[in-house]
Number of protein chains: 2
Amino acid sequence: MAQKPSIPKGTRDFGPVEMAGRNYIFDTIRSVFKTYGYQPIETPSMENLSTLLGKYGDEGDKLLFRILNSGDAFSKVDFEQHRQEDGTLNSKTLSLKVCEKGLRYDLTVPFARFVVQHQNELTFPFKRFQIQPVWRADRPQKGRYREFYQCDADVCGSKSLLNELELVQIVDRVFTLFDVRVCVKINNRKVLTGMAEICGFPEKVVDITVAIDKIDKIGLEAVEAEMKEKGLTDEAIAVIEPILTLKGTTAEKIAAMRELMGGKSASGLVSETGLKGLDELDELFGLIEAAGIRQEVEMDLSLARGLNYYTGAIFEVKALDFEIGSICGGGRYDNLTGIFGLPDMSGVGISFGADRIFDVLKGLDKFPKEVTESTRILFANMGSDELRYLLPVVKTLREQGVPCEIYPETSKLKKQFDYADKKHIPFISIVGGNEVEAGVINLKNLNSGEQESFTKDDWAAMVAFLSK
Amino acid sequence: MAQKPSIPKGTRDFGPVEMAGRNYIFDTIRSVFKTYGYQPIETPSMENLSTLLGKYGDEGDKLLFRILNSGDAFSKVDFEQHRQEDGTLNSKTLSLKVCEKGLRYDLTVPFARFVVQHQNELTFPFKRFQIQPVWRADRPQKGRYREFYQCDADVCGSKSLLNELELVQIVDRVFTLFDVRVCVKINNRKVLTGMAEICGFPEKVVDITVAIDKIDKIGLEAVEAEMKEKGLTDEAIAVIEPILTLKGTTAEKIAAMRELMGGKSASGLVSETGLKGLDELDELFGLIEAAGIRQEVEMDLSLARGLNYYTGAIFEVKALDFEIGSICGGGRYDNLTGIFGLPDMSGVGISFGADRIFDVLKGLDKFPKEVTESTRILFANMGSDELRYLLPVVKTLREQGVPCEIYPETSKLKKQFDYADKKHIPFISIVGGNEVEAGVINLKNLNSGEQESFTKDDWAAMVAFLSK
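Computed from a predicted model, the values in this text were never measured in an experiment. Sequence order as written defines the numbering, with residues in each chain counted from 1. The naming scheme follows written order: chains are lettered A onward, ligands numbered 1 onward. Totals for whole chains, interfaces and linings use every residue, but because this is a predicted model, local features are given only for residues with pLDDT of at least 70 and side-chain atom pairs only at 80 or more, for both listing and counting. Based on all heavy atoms of the structure, the side-chain values leave hydrogens and waters out of the count.

1. Looking at the sheet that holds strand S16 (residues 451–455) of chain A
The pairing of strands in a sheet comes from backbone hydrogen bonds and takes either a parallel or an antiparallel form. Residues and elements named next belong to chain A. To be explicit about the condition: Two strands pair under a simple rule: DSSP has to find at least two bridges between them. Strands here are runs of E lasting at least two residues and helices are runs of H or I lasting at least four, both read from the DSSP assignment and numbered beginning at the N terminus. To obtain an axis, a line is fitted to C-alpha atoms, over the contacting stretch when the element is a helix, and the angle between two such axes runs from 0 to 180 degrees between their N-to-C directions. Contact definition: two residues touch when any of their heavy atoms are within 4.5 Å.
Across the sheet, five strands lie side by side as S13-S12-S14-S15-S16; this open sheet has mixed pairing. In this open sheet, the two strands that pair with only one neighbour each are strand S13 (404–406) and S16. Between one strand axis and the next, the sheet turns through 25 degrees on average, direction left out of account. Packed on one face of the sheet, helix H16 (residues 413–422) meets strand S12 (377–379), S13 and strand S14 (427–429) and runs near 165 degrees to S12.

Take a look at the structure:
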């Protein structure tokens, strides 16, 4: 009995056209990572649940895909031990009894695990990139999938801000190659801490940053209302407001912030951490200027992003000509590997969102035309003798790297032409008995109509004709 | 509390060196697939269990990794319904209650599902390749993993033997590029059927082929003993024996087999299917001769391989200079998509075993030297001014595709040199105050000891020096 085939919700098939676009994205990002000395690694799709649990918060734990133990997973489980007061079973505790493994949720935790596990084989500073799928049991919706690729580059074992610069350069180069205008927004976690310190509410740094992160969307007044709601005094808000309304160049903003963090704000409080953050921002922007960046780069003191991880620089990249969320982001974290037993290993990384970048390139029509083309020429199949005549010629062209197809059946020419047309094959060759006798190969450019005849051994001329 | 990190048994981390070798293998295979007009697709890692179950036999069903339903998987399951007579729970029926999805077990079933699901968007004959991991809950052992990559190329919607030829050509080209000598063994399922028919035991085709498949390992006598054990008469074995001991060229063997299948064997029985298989073999070897193959190709009438799937040609590839199982295999199947509701879609495909090919290339020391090299040059970090002087130079070299690193810290030169040494970086540059003043860049080839000084804008000369 035939089943109607389908795939799990939130997952996708990628046909040749999507694959071409995706590979263009991955290849471009990969090639740029490599020119900065980042090396590829891959980790298993499955990790032990003990590696994953507790790393992404309670919500993340729920979104992990768990893998049923193989063999007799259930036979010896005492279910009654997991019965709850309302009579139902406790899925959370039960799943731990029958599942030891889960699918990778991101590339950062497996990277940390990798670094700790292989620390004695690695050369530090260790620069790695990783392009692999991750899985999250999120509710599927437009643009959100349960399986999607991340493209991450991280360096660990170096505190130098040159690493931050290089990540900005990578972003710059990648989007310049994509011909997409972006703005790279940069902030520093220490400056956010400093803001909380000088307003007198160091313990409210999360509340403050969550609020100011929304300033673009909801405006200054609403941000201040939210801070007040979270328990900040009017005096504290009066310290923060001038920071949020700072004008001027990056240098001017940093200078003004140095005053405020140095004790010149309304509170008179000093934040050493904030000053350190400003020094880092100052140095990073100095490096950016020395290196020369093509894309827009902007200091954004309201950028908060994944606050819990980061301890230094924070990055976020927005497309300027296409409406979509951030397409790349990252930052510095000082203790990622600590949880696996390797303390004091500072790292900094970025992650490119391949799915959103795909949408941007498609929306802006920026995929190069060659990307979607696959087969260059179709040789019509006119019969057994003609086929035998063609085989060595086609073999040579293929060895020269020209993607060729011979139509497999001796069907009517109309059908063979239709095949070339549907597959957007730009050249065709029809070799019949006359050509075999004359020892020639005819090639035709279907776009320009140009056609030419070549002696069958003159593959160099054929390759040249086919590459036009 | 620090956890000691580990990964699930049967899975692997791939560091930069293994990745380089693996990518070389994938890139080579991919590039050859493309020159034959095969196009990439990818399918989700998870399939519905209904897609996977029953496709790989009972043993295969047990080896599927199942994914626990997300949310409250257990709360409403009535476990007592799954209680068995011995008091334990039935894992097989229970797992179906709490798992709807499983991880891909191979690339063939997802391909069949893909073809049926997307049949209206595809152009037939449809040639696709797919390079993705698969998962099997096999007992891990040397060379057998629970997560491993398959590299498959299949064409469906064409019965032409040109497809078989092209797959042989692909194998030929791939291993020639790898500089590995192989033997491509070819048989035809119909000939195996014919053998069973002319010996008078058509229903014993599986027993016969399972036995003769072992002839290389256990010898003729043991094979005959096994056939006898399976119920074949001495007369039947006397019909098969001459086939197993056939000598001569492929053409001579085919001619002799035509006699036997045509009624000239001791039984006098005729097998039309067997004769059809011989016609196919004859035509395929004729095409192979016309195309010109570099590697050894051999008709092997004892080759059985995955008998249940295949209906025509069968392929298997063995390395000649390295002891290992088959490194590539495939064949024609006539009804792969039938189970998903699309009958009469003949296909033929091959699968390259990336892990074994890796072992062969490593064992024979055939990985090209450039493969493992990543960063081409390390620029020593001598301080802030020198760094700023270097940044635009390094940027330009990177844009020319040269993988460069600047050591991120201003550490002692010894430490920076050690880093280059450990990462096998072949060039180094030390730019200090004098070079900055003179406007030059010094490059040194660490292998040859050669060094040269360049004006800082002469990137073309630097690229040339670095590519030596």
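2. So, the nonpolar core
Applied cut-off: Definition used in this section: a nonpolar core is a set of buried Ala, Val, Leu, Ile, Met, Phe, Trp, Tyr and Cys residues joined via side-chain atoms within 4.5 Å. Relative accessibility thresholds used throughout: buried, under 20% of the residue-type maximum; exposed, over 50%; partly exposed, between the two (1.4 Å probe, protein chains only).
Core analysis: the largest hydrophobic core is formed by 271 residues, its most contacted members being A:Phe175, A:Phe352, B:Phe175 and B:Phe352. Excluding anything up to four places from it in sequence, B:Phe175 contacts B:Val180, B:Val182, B:Gln295, B:Val317, B:Ile327, B:Cys328, B:Phe352 and B:Ile357. Residues A:Met46, A:Phe65, A:Leu103 and B:Ala137 belong to the second largest nonpolar core, which totals 12 residues.

3. Regarding a nonpolar patch on the surface
Cut-off, in case you're wondering: Without a salt bridge and with relative accessible area above 30%, a residue can belong to a patch; like charges are then joined within 9 Å and nonpolar side chains (Val, Leu, Ile, Met, Phe, Trp, Tyr) within 5 Å. Accessible surface area values rest on a Shrake-Rupley calculation with a 1.4 Å probe, where residue burial reflects the displayed protein chains alone. Whenever a carboxyl oxygen of Asp or Glu lies within 4 Å of a side-chain nitrogen of Lys or Arg, that contact is scored as a salt bridge.
Taken together, the side chains of A:Met382, A:Leu413, A:Phe417 and A:Leu446 define a hydrophobic patch exposed on the protein surface, amounting to about 290 Å² of accessible area. As for its placement among the helices and strands, A:Phe417 is situated in helix H16.

4. Digging into the relation of the copies chain B and chain A
Rules: Alignment of copies: least-squares fit on C-alpha atoms of residues with pLDDT of at least 70 in both copies.
The two copies are related by a screw motion: chain B maps onto chain A through a turn of 180 degrees and a shift of 0.0 Å along the axis, at an RMSD of 0.2 Å. Such a combination of rotation and displacement between the chain copies is what one expects of a two-fold axis. Residue B:Ile67, judged by its C-alpha, is the member of chain B lying nearest the rotation axis, at 2.3 Å. Looking at the interface residues of chain B, 100% of them are also at the interface in chain A, so both copies use one shared face.

5. Focus on the side chain of B:Thr193
For B:Thr193, the position within the fold is in helix H7 (residues 189–198). If we ignore the near neighbours within four places in the chain, the residues touching B:Thr193 are B:Val205 and B:Thr273.

6. Comments concerning the interface of chain B and chain A
Condition: Each of two parts loses accessible area, computed with a 1.4 Å probe, when they are put together; buried area is these two losses added. Whenever two N or O atoms come within 3.5 Å, that pair is a polar contact, provided that in protein one can donate a hydrogen and the other can accept it, and provided that, for residues adjacent in sequence, both atoms are side-chain atoms.
Contacts between the two partners involve 114 residues from chain B, matched on the other side by 114 residues from chain A. Taken together, the two surfaces of chain B and chain A that pack against each other cover about 9,100 Å², and 57% of this comes from carbon and sulfur. Inspection of the region where chain B meets chain A yields 10 salt bridges. Counting across the interface, chain B meets chain A through 44 residue pairs in polar contact (both at pLDDT 80 or more).

7. Concerning the packing of helix H7 (residues 189–198) of chain A against helix H8 (residues 205–212) of chain A
Residues and elements named next belong to chain A. Definition in use: For classification purposes, angles smaller than 35 degrees are called roughly parallel, those larger than 145 roughly antiparallel, those between 65 and 115 roughly perpendicular, and all remaining angles oblique. Handedness of a crossing follows from how the near helix is turned relative to the far one, being left-handed for an anticlockwise turn of less than a right angle and right-handed for a clockwise one. The residue classification treats Ala, Val, Leu, Ile, Met, Phe, Trp, Tyr, Cys and Pro as nonpolar and Asp, Glu, Lys and Arg as charged. All others, Gly included, are polar.
One can describe the packing of H7 onto H8 by two numbers: an axis separation of 9 Å at closest approach and a directional angle of 110 degrees. Considering the angle they form, H7 stands roughly perpendicular to H8. The two elements H7 and H8 meet at a crossing, and its hand is right-handed. Between H7 and H8, the residues in contact are Arg-189, Leu-192, Thr-193, Met-195 and Ala-196 and Val-205, Ile-208, Thr-209 and Ile-212, respectively. The residue makeup of the contact of H7 with H8, split by class, is six nonpolar, two polar and one charged.

8. So, the environment of B:Gly338
Looking at the element boundaries, B:Gly338 is found in the loop between strand S10 (328–333) and strand S11 (347–353). Taking the C-alpha atoms as reference points, B:Gly338 and B:Glu100, 238 residues apart in sequence, are found 23 Å from one another.

9. Things to note about the packing of aromatic side chains
All names here are of chain B. Here is the rule we go by: Aromatic rings from Phe, Tyr and Trp, taking only the six-membered ring of Trp, are treated as a pair when their centres fall within 6.5 Å; an angle between ring planes under 30 degrees marks them as stacked, one over 60 as edge-to-face, and anything in between as tilted.
Under the counting rule described, the total for this entry stands at 34 aromatic pairs over all chains. Between Phe-26 and Tyr-149, the aromatic rings sit 5.0 Å apart at their centres with planes inclined by 45 degrees, giving tilted as the arrangement. Placement of Phe-26 in helix H1 (residues 16–35) and of Tyr-149 in strand S6 (residues 147–156) is noted, with a sequence separation of 123 residues between them. Consider the rings of Phe-114 and Phe-126, whose centres lie 6.2 Å apart with planes at 15 degrees: the pair is stacked.

10. Observations concerning the pairing of strand S5 (residues 126–135) of chain A
Residues and elements named next belong to chain A. Along S5, 10 of the 10 residues are buried, which leaves the element largely enclosed by surrounding structure. Here strand S1 (residues 39–40) runs beside S5; their pairing, made up of two bridges, is parallel. Bridging across to S5, Pro-40 finds its partner in Phe-129. Inspection of the sheet shows S5 paired to strand S6 (residues 147–156) by 10 bridges, in the antiparallel sense. Residue Pro-133 lies in a different strand from S6, and its bridge partner there is Tyr-149.

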